[in-house]
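Results of the structural survey
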Amino acid sequence: MSDSLKERVRAKLLRQLDEDGIRDQEQDDPRQISVGADLDALDSVAEDDPLIEELATRYLVF
């Protein structure tokens with residue numbers, strides 16, 4: 001598999017947001033907020049950052 005762990009975690013987070021559907025603007029969904037925050041954090045770190053391993057474990061990315 002040529003995809004990096006960071007790319008696989010990012011794909012999983014995007015898939016989770018997509019599966020959740022369109023966000024209700026009048027109601028905060030803590031799960032969507034959390035996944036979005038994790039995606040933002042992932043995008044701001046380098047390939048070798050320990051956060052990637054943490055997120056991979058949290059979202060069961062192998």
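The structure we're discussing is the one just above.
Residues numbered from 1 in each chain as written. Predicted model: local features only at pLDDT ≥ 70, side-chain atom pairs only at ≥ 80, totals over all residues. Heavy atoms only, no water.

It is worth spelling out the overall build of the protein at this point. Of the regular secondary structure elements, the protein holds 3 helices and 0 strands. Listed by position from the N terminus, the elements making up the protein come as α-α-α. Based on the C-alpha atoms only, the size of the protein along its principal axes is roughly 40 × 20 × 15 Å. By residue count, 26% of the 62 residues in the protein fall in the buried class. Contacts spanning at least 24 positions in sequence make up 58% of the contacts within the protein whose residues lie at least 6 apart. Here the protein carries 8 positive and 17 negative side-chain charges, and the mean point of each set is 4 Å from the other. (Helix = DSSP H or I, 4+ residues; strand = E, 2+ residues; numbered from the N terminus. Buried < 20%, exposed > 50% of the residue type's maximum accessible area, 1.4 Å probe, protein only. Contact = heavy atoms within 4.5 Å. Lys, Arg positive; Asp, Glu negative; His and termini not counted. Charge placed at Lys NZ, Arg CZ, Asp CG, Glu CD.)

Glancing now at unusual backbone geometry. One non-glycine residue, Leu60, lies in positive phi territory at about 55°. Here Leu60 lies in the segment after α3 (50–58). Using a relative accessible area of 58% as the deciding quantity, one classes Leu60 as exposed.

Here helix α2 (residues 30–43) spans 20 Å end to end across 14 residues, near enough to the 20 Å set by a 1.5 Å rise per residue. Among the residues of α2, Gln32, Val35, Asp38, Leu39 and Leu42 are the ones counted as buried. Buried residues of α2 fall within an arc of 125° about the axis and therefore sit on the same side. When the buried face of α2 is taken as reference, the exposed residues oriented beyond 90 degrees from it are Pro30 and Asp40. Among the structural elements, α1 (5–20) and α3 are those in contact with the buried residues of α2. (Expected span 1.5 Å × (residues − 1). Arc of directions from axis to C-beta.)

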